[in-house]
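Structure assessment
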2 protein chains.
Amino acid sequence: MKIGSYRGTRDFYPEEMAVRNWLVDVWRRVSLRHGFVEYDGPTLEMLELYTAKSGQEIVDQLFNLTDRGGRALALRPEMTPTLARMVNARAGSLPRPIKWFCVPRCYRAERPQRGRLREFFQWNLDVVGTDDVLGDVECILASIDCLRELGLTAEDVVVKISDRRLVGGIFELLGLPGDKYEAAFAAVDKATRLPPEALAELWADSVGSAVPFADLEPLLAIQSRDALRQSDWSVLSAPAVANHVKEVDRLFELLASCGVGDYCDFDARIVRGFAYYTGPVYEAFDRRQSLRAVLGGGRYDNLLSVLGGPKMSGTGMGMGDVVILEVLNELGRVPRLDRTIDLFLVDADRELFDQVLQTASQLRQKGLACEFSYKRQAVGKQLSAAAGMGAKRCVIFGDETRSGGAVTVKDLATQKQKQIALSDFMRDPMQPVD
Amino acid sequence: MKIGSYRGTRDFYPEEMAVRNWLVDVWRRVSLRHGFVEYDGPTLEMLELYTAKSGQEIVDQLFNLTDRGGRALALRPEMTPTLARMVNARAGSLPRPIKWFCVPRCYRAERPQRGRLREFFQWNLDVVGTDDVLGDVECILASIDCLRELGLTAEDVVVKISDRRLVGGIFELLGLPGDKYEAAFAAVDKATRLPPEALAELWADSVGSAVPFADLEPLLAIQSRDALRQSDWSVLSAPAVANHVKEVDRLFELLASCGVGDYCDFDARIVRGFAYYTGPVYEAFDRRQSLRAVLGGGRYDNLLSVLGGPKMSGTGMGMGDVVILEVLNELGRVPRLDRTIDLFLVDADRELFDQVLQTASQLRQKGLACEFSYKRQAVGKQLSAAAGMGAKRCVIFGDETRSGGAVTVKDLATQKQKQIALSDFMRDPMQPVD
């Protein structure tokens, strides 16, 4: 009986695992140097952690289950609710700003498609407990530092930034009723993916006629920082809106100070899908093919209090592993990742094998990656096995070992070899052989 | 509305996460130097992957769910079935022996108790595609190398080893019917945890009267290598059994060659709970308190073919994070794990803050962990914030920067400080300051 895997999940054979580890190492290294500390939560959370924020309609998008005690559980679809729960539980004692990162595996109960799988890893950065724009700056800065470390230049990718306060201010000025904001943001979020007629229809259906779609078109046309600066749309100079334009300007100035201005642009259509965002919001795209965001983030002012915590602002970024690896693969930027075997021990005589085993154990205890053949076979076969797994050097135990206490060390890159006294070799196993 | 976490799961705040990362790093480092390569599979598997091997009764011990397409799924309770599935899918092309390791998160749908949680991490080592005892030796050796690296000596822990072929040979000689082996192994597996009367009762109930419990008592009395060597039990010298005693001797000789003999002992009662084991089996215990195994493993000859693959022998070891961390905490062997901030940048004048931000970005790009205060506040407050997060040194931007292009670098350990030209500082930011 042959059993397959579940579609939308991945088997990480050693080659795929090496790529995943490379990516996760970059995420960790970048996070740490930007002053974030790592945390994690459970994979299984109480289902209500998600319904409290998003209502019952989210249940269909989650893998949910009931345990033997009848408790309704879900596999985490994202990390932010867990973060909010954990911060709330220690809100009084955590020093602020709370700068945390994590690399959780998350789950999505959807039909899998390109760039969206049922299981994925997501790098998360969050700065909680301050409404200072520096929190947004640091999340964007660290994201870009990561893109750069992954080999992506400002010609390859762009971070498109907007601000929900600015867009909300415009909604207000246009006369949008308060109960339509969520629908209006959801419609704007579709603007980069829908043709104008479809978008107009969505707007009419979900937002209604209080603000005709035509009134919104000047906003949707502001797709760059230059367009924002050059726009003569009167709405932008109304005091309540102009104030938010200034906040956007300050954010871009700070990003320029950090040396990442060329990676960043403004785009009024980027407002993000989650309803909990309340301030600066952003998504990064492959410049050649901007359909799918490689990362996204923004500020959330009310999320912690919705989940029973204090009023505490936060801002966060998420980058999944699936889209970024697609982009890197398409651009040929995933490096060659070979495994490292420092030493492969060879016995020229099966009676020396116990000594090989003993030496291998000692070398491994010293921290060296060390291998040998299970089969007692000809030296040539053992040397090929060593070359096959990419070993750096072979150490041959033969007559020279038995009679003179020496081993022959062969560098597989240069093919040079040298007899070395075993005691001398053990003092410095990676000493030069030429 | 305050929502809690699900009992039996853990929140990894930064302190707990640092401990988890320390443990996982040791697992990875030890695996790699012993020549194992990392892989992983999905968390969600088809439910039948587990029922195929263990029958329907396992379903109650699993977190299982049904997706929208009606597919029966389970959260992996252990890694071996996934390993078997993945190896089977590429059985023809993987070079053997397959030496793989992984650190999966696994799930158990049980009431949580001390040492057993609903979510846990488990280090797995497997050598597949060979029935050579060297596979068993390498798994045991790497496990012990890990225990040693975690600070546990042969006085702290012991690996108790037996062999299901030896115990099975004894069953055969005692006249046990073939269909009672599984029940007999399951009863022996309880021998270290049950009082003799309860064990005798279990034996009578599950195995029956073909072999009275009294016949088994000489076997259960063999609880050390000395006892095995010194036993005058006639059964041990019958050829079919003596052969397996020799195999056990060879395993111990090889472990002694590897220098880990003092960590190992024989114990005939160790046969492991999973029915799939067929050869050498072992568990390691804290010597002071031997109730809960810190690791366990053994050889499985038929697992891959049960799951639709070729006949291929394998051997593997698993170590969970929960019990080992309990043992290490009780013995006080978990090291202090402080976060590292290399540099904390301070502005003595808010107009210099943009330069602080710019410098921080450049230092982070060089790989240095760098922090600064979000609030523009007095130098003293910024210095305390730096000390509070354990920064190694502070870099002060003040009058000396504005007038002379210099910064003051202060080592927080020695409290020594020095003015350095900014360009010179950027060339070597961690240069000595005394």
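Keep in mind the model is a prediction, meaning the values are calculated, not measured.

1. Points about the interface of chain A and chain B
Contact residues are listed per partner, giving 92 residues for chain A and 92 residues for chain B. Contact between chain A and chain B buries roughly 7600 Å² in total, counting both sides, with carbon and sulfur atoms accounting for 55%. Considering only the side of chain A, the residues that lose the most area to chain B are Ile3(A), Tyr13(A) and Tyr374(A), jointly responsible for 11% of the buried surface there. At the boundary of chain A with chain B, the tally comes to 12 salt bridges. Across the pair Arg20(B) and Asp40(A) runs a salt bridge whose closest N-O atoms are separated by 2.8 Å. One can count 42 residue pairs in polar contact (both at pLDDT 80 or more) joining chain A with chain B. Ranked by residues supplied to the side of chain A that touches chain B, first place goes to helix H1 (residues 14-33) of chain A with 9 residues.

2. Some thoughts on the packing of helix H4 (residues 133-149) of chain A against helix H13 (residues 353-365) of chain B
Between two packed helices, what matters for the description is the angle formed by their axes and the separation of those axes. One can describe the packing of H4(A) onto H13(B) by two numbers: an axis separation of 11 Å at closest approach and a directional angle of 30°. By the angle class used here, H4(A) and H13(B) are roughly parallel. For H4(A) against H13(B), the interelement crossing comes out right-handed. In this structure, H4(A) contributes Leu134(A), Glu138(A), Leu141(A), Asp145(A) and Arg148(A) to the contact, and H13(B) contributes Phe353(B), Leu357(B), Ser361(B), Arg364(B) and Gln365(B). Among the residues making up the contact of H4(A) with H13(B), the classes are represented as 4 nonpolar, 2 polar and 4 charged.

3. Describing the sheet that holds strand S3 (residues 64-66) of chain A
Residue and element names in this part refer to chain A. With antiparallel pairing, 3 strands are arranged side by side in an open sheet as S2-S4-S3. Both edges of this open sheet fall to strand S2 (44-46) and S3, since each of them pairs with a single strand only. On average, each strand axis in the sheet is inclined to that of its neighbour by 35°, with strand direction left out of account. In this structure, S2 lies alongside strand S4 (residues 72-75), joined through 3 bridges in antiparallel fashion. Across the sheet, the residue bridging to Met 46 is Leu 73, located in S4.

4. Points about the side chain of Asp189(B)
Here Asp189(B) is to be found in helix H6 (residues 181-189). Contact partners of Asp189(B), with chain neighbours within four places excluded, come to Arg269(B), Val271(B), Arg272(B), Gly273(B) and Glu283(B).

5. Here we look at the packing of helix H1 (residues 14-33) of chain B against helix H4 (residues 133-149) of chain B
Residues and elements named next belong to chain B. Taken N-terminus to C-terminus, the directions of H1 and H4 make an angle of 140°; their axes are 10 Å apart at the nearest point. With respect to each other, H1 and H4 are oriented oblique. In this structure, H1 meets H4 at a crossing whose hand is right-handed. Residues Val 26, Trp 27, Arg 29, Val 30 and Arg 33 of H1 touch H4, and the partners they reach there are Ala 142, Asp 145, Cys 146 and Glu 149.

6. Observations concerning the relation of the copies chain A and chain B
Placing chain A over chain B gives an RMSD of 0.0 Å and needs a rotation angle of 180°, together with 0.0 Å of translation along the axis. When the rotation and shift are considered jointly, the pair of chain copies conforms to a two-fold rotation axis. Minimal C-alpha distance to the rotation axis in chain A is attained by Leu65(A), lying at 2.8 Å. A symmetric contact is evident, with 100% of the interface residues of chain A recurring at the interface of chain B.

7. Quick look at the sheet that holds strand S17 (residues 417-421) of chain A
Paired through backbone hydrogen bonds, the strands of a sheet run either parallel or antiparallel to each other. Residues and elements named next belong to chain A. An order of S14-S13-S15-S16-S17 is seen for the 5 strands of this open sheet, with the pairing classed as mixed. The sheet is open, and its two edges are formed by strand S14 (370-372) and S17, each paired on a single side. Taking the axes of each pair of neighbouring strands and ignoring which way they run, one obtains an average angle of 30° across the sheet. Packed on one face of the sheet, helix H14 (residues 379-388) meets strand S13 (341-347) and strand S15 (391-397) and runs near 170° to S13.

8. Notes on the pairing of strand S7 (residues 119-128) of chain B
All names here are of chain B. Taking burial as the measure, the 10 residues of S7 include 10 buried ones, the bulk of the element. With burial as the criterion, each face of S7 is covered, one bearing Glu 119, Phe 121, Trp 123, Leu 125 and Val 127 and the other bearing Phe 120, Gln 122, Asn 124, Asp 126 and Val 128. Pairing of strand S5 (residues 98-102) with S7, which is carried by 5 bridges, proceeds in the antiparallel orientation. Among the inter-strand pairings, Trp 100 is bridged to a residue of S7, identified as Asp 126.

Reading the values: the criteria
- Residues numbered from 1 in each chain as written.
- Chains lettered and ligands numbered in written order.
- Predicted model: local features only at pLDDT ≥ 70, side-chain atom pairs only at ≥ 80, totals over all residues.
- Heavy atoms only, no water.
- Contact = heavy atoms within 4.5 Å.
- Buried area = accessible area lost by both parts, 1.4 Å probe.
- Salt bridge = Lys/Arg side-chain N within 4 Å of Asp/Glu carboxyl O.
- Polar contact = N/O pair within 3.5 Å; in protein donor to acceptor, adjacent residues only side chain to side chain.
- Helix = DSSP H or I, 4+ residues; strand = E, 2+ residues; numbered from the N terminus.
- Axes fitted to C-alpha atoms, helices over the stretch in contact; angles between N-to-C directions.
- Parallel < 35°, antiparallel > 145°, perpendicular 65-115°, else oblique.
- Left-handed = near helix turned anticlockwise from the far one by under 90°.
- Nonpolar A, V, L, I, M, F, W, Y, C, P; charged D, E, K, R; others polar.
- Pairing = 2+ DSSP bridges.
- Least-squares fit on C-alpha atoms with pLDDT ≥ 70 in both.
- Buried < 20%, exposed > 50% of the residue type's maximum accessible area, 1.4 Å probe, protein only.

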